[in-house]
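Topology and contacts: notes
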Amino acid sequence: NHIAPGGLTGLATVLNYLFRWPVGTTSLVMNVPLFVIGYKQLGRGFFFGSLIGMACNALFIDLLAGIPAPQVETMLGVIFGGVLTGAGLGLVFLPGATTGGTDMAARMIHNRFQHISVGAILFLIDCCVVLMAGFFIEAEYALYAFASLYASSRLIDVVMVGLAREKACYIISTQHERVKQEIMQKLDRGVTVLRAEGGYSGQERPVLLCVLSAQEMGRLKAIVREADEDAFLFISDAHEVLGEGFRRLME
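Here the residue numbers are simple positions, counted from 1 along each chain's written sequence. Only residues with pLDDT of at least 70 are given local features in this predicted model, and only at 80 or more are side-chain atom pairs given and counted; all residues enter the totals for whole chains, interfaces and linings. Side-chain metrics in this entry use all non-hydrogen atoms of the structure; hydrogen atoms and water are not considered.

1. Digging into the confidence of the model for the chain
Parts of the model with low pLDDT should not have their predicted coordinates read in detail. Note the threshold: Note: pLDDT gives the predictor's confidence per residue, expressed from 0 to 100. Counting from the N terminus, the helices are DSSP H or I runs at least four residues long and the strands are E runs at least two residues long.
Per-residue pLDDT for the chain has a mean of 82; in total, 94% of the residues score no lower than 70. Considering each helix and strand of the chain separately, the mean pLDDT is smallest for helix 5 (residues 101–112), with a value of 76, and largest for strand 2 (residues 192–194), with 93.

As structure tokens, then:
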């Protein structure tokens with residue numbers, strides 16, 4: 001669909017459009033300098049894992065290029081291409097490898113700035129490549145590529161971090177003792193009491209923190225409502241809840 005998907009593969013797509021160079025082989029050659037840097041910074045295990053990922057990626061791009069693409073509406077190709085790309089890259093990233101190119105650059109940046117997700121770093125780097133594709137190919141295809149990149153970066157984070165299947169609930173209530181006991185008895189969930197102070201009144205206001213599954217949210221709300229209709233409750237997603245009552249904390 002003439003959509004450059006960002007990264008060195010996207011750059012190779014632009015070169016293919018201009019000079020008919022094979023995308024897989026071109027991206028393979030451009031990866032060499034990055035692999036030299038990656039070997040020094042990220043170690044042997046990372047190097048060989050990424051080497052396998054990069055080789056497979058380059059090989060299958062050129063092999064599949066000879067197969068006629070299915071005739072689908074461009075936006076369908078953008079959405080499903082981005083989703084499949086993100087899911088595949090997430091699976092490669094999970095054991096600590098990459099497919100080379102900007103994937104490797106994103107991993108090296110993430111190791112230094114861990115508060116920024118790999119998907120976000122990859123999205124920012126790839127935006128530069130997409131802008132180049134829009135200049136050399138066509139602006140419309142660059143806009144399609146941005147949509148595909150967004151889908152890809154979101155799926156990378158979903159695969160690596162997981163969907164938010166658990167919720168963190170904060171409860172402020174004058175009936176906090178009753179709410180705490182009923183959560184522990186009826187839901188069999190632990191409750192942490194956070195010592196807080198009302199900003200206006202200056203009085204001590206215990207805040208109950210409880211982490212539970214999304215399926216238990218209805219029962220929790222019912223417990224709080226029955227104990228105190230004027231309670232203040234707010235809920236946030238909790239990614240990767242590990243420990244007693246949830247998934248085991250693994251290395």
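2. Considering the side chain of Ser-213
Which entries qualify depends on this criterion: For every residue, the accessible area obtained with a 1.4 Å probe (protein chains only) is divided by the maximum for its type, and the residue is called buried under 20%, exposed over 50%, and partly exposed between those limits. Whether two residues touch is decided by their heavy atoms; if any such pair falls within 4.5 Å, the residues are in contact.
One can find Ser-213 in strand 3 (residues 207–213). On the accessibility criterion, Ser-213 (14% relative accessible area) is buried. Not counting residues up to four positions away in its chain, the partners in contact with Ser-213 are Arg-165, Glu-166 and Arg-189.

3. Quick look at the packing of helix 1 (residues 7–19) against helix 6 (residues 118–136)
Axes are the key here: two packed helices are described by the angle between their axes and the distance separating the axes. Applied cut-off: Each axis is a line fitted through C-alpha atoms, and for a helix only the stretch in contact is used; angles between axes span 0 to 180 degrees, taken between their N-to-C directions. The labels follow the angle: roughly parallel below 35 degrees, roughly antiparallel above 145, roughly perpendicular from 65 to 115, and oblique for the rest. Under the scheme applied, nonpolar residues are Ala, Val, Leu, Ile, Met, Phe, Trp, Tyr, Cys and Pro; charged residues are Asp, Glu, Lys and Arg; polar residues are all the others, including Gly.
In the contact formed by helix 1 and helix 6, the axes pass within 9 Å of each other and the chain directions differ by 10°. Taken together, the axes of helix 1 and helix 6 lie roughly parallel to each other. Here Gly-7, Gly-10, Leu-11, Val-14, Tyr-17 and Leu-18 of helix 1 come into contact with helix 6, specifically with Asp-126, Val-129, Met-132, Ala-133 and Phe-136. Classifying every residue of the contact of helix 1 with helix 6 by side-chain character gives eight nonpolar, two polar and one charged.

4. A closer look at helix 8 (residues 176–187)
What counts is decided by this rule: To estimate how far a helix should extend, the number of its residues minus one is multiplied by 1.5 Å.
In a regular helix each residue adds 1.5 Å, so twelve residues correspond to 16 Å; helix 8 covers 16 Å between its end C-alpha atoms and thus fits that length. Within the sequence span of helix 8, burial applies to Val-179, Lys-180, Glu-182, Ile-183 and Leu-187. Tucked inside the fold, the buried residues of helix 8 contact strand 1 (166–172), strand 2, strand 3 and helix 9 (217–227). One or two residues past the end of helix 8 sits Asp-188, with phi positive at roughly 55°.

5. Topic: unusual backbone geometry
Not every positive phi belongs to a glycine, and Arg-20 is a case in point at roughly 65°. Within the chain, Asp-188 stands out as a residue other than glycine whose phi angle is a positive 55°. Along the chain, Asp-188 turns up in the loop between helix 8 and strand 2. Accessibility expressed as a relative area gives 66% for Asp-188, which makes it exposed.

6. A closer look at the sheet that holds strand 3
Selection criterion: A pair of strands is considered paired only if DSSP assigns at least 2 bridges between the two.
If you trace the four strands from one edge of the open sheet to the other, you get 2-3-1-4, paired in antiparallel fashion. Two strands close off the open sheet at either side, each with one partner strand: strand 2 and strand 4 (232–238). For this sheet the average axis-to-axis angle between neighbouring strands, irrespective of direction, equals 25°. Pairing geometry for strand 2 and strand 3, over three bridges, is antiparallel. Counterpart to Thr-192 in the pairing with strand 3 is Leu-209.

7. Comments concerning the nonpolar core
Going by this rule: Buried Ala, Val, Leu, Ile, Met, Phe, Trp, Tyr and Cys residues form a nonpolar core when they are joined through side-chain atoms within 4.5 Å.
One finds Ile-171, Val-179, Ile-183, Leu-187, Leu-212 and Leu-220 to be the most contacted residues of the largest nonpolar core, which totals 14 residues. Going through the elements one at a time, strand 1, helix 8, strand 3 and helix 9 are the ones with two or more residues in this core. When residues of this core are assigned to their parent elements, the largest contribution, five residues, is made by helix 9. Discounting residues that sit within four places of it in the chain, Val-179 has contacts with Ile-171, Ser-173, Leu-208, Ile-223, Val-224 and Ala-227.

8. Comments concerning the pattern of salt bridges
So the rule is basically this: A side-chain nitrogen of Lys or Arg and a carboxyl oxygen of Asp or Glu constitute a salt bridge if their distance falls within 4 Å.
As enumerated under the stated definition, the model contains six salt bridges in all. Its salt-bridge partner being Lys-167, residue Asp-237 comes within 2.5 Å of it at the nearest N-O pair. Remark: Lys-167 occurs in strand 1 and Asp-237 occurs in strand 4; sequence separation between them is 70 residues. As a salt-bridge pair, Glu-182 and Arg-178 come within 3.3 Å of each other at their nearest N and O atoms.

9. Quick word on the packing of aromatic side chains
The geometry of two aromatic rings is summed up by the distance between their centres and the angle between their planes. What counts is decided by this rule: Working definition: rings of Phe, Tyr and Trp (its six-membered ring) pair if their centres are within 6.5 Å, and the pair is stacked with planes under 30 degrees apart, edge-to-face with planes over 60 apart, and tilted otherwise.
All told, the structure shown has four aromatic pairs when counted by the stated rule. For the pair Phe-135 and Phe-136, a centre-to-centre distance of 5.1 Å together with 90° between the ring planes defines the contact as edge-to-face. A connected cluster of aromatic rings, assembled from ring pairs, spans Tyr-170, Phe-232 and Phe-234.

10. Thoughts on the state of the cysteines
Rules: Our working definition of a disulfide is a cysteine sulfur pair at a distance within 2.5 Å.
Counting across every chain of the model gives zero disulfides. Free of any disulfide, Cys-210 has its nearest cysteine sulfur in Cys-169, 6.1 Å distant. A relative accessible area of 1% means that Cys-210 is categorised as buried.

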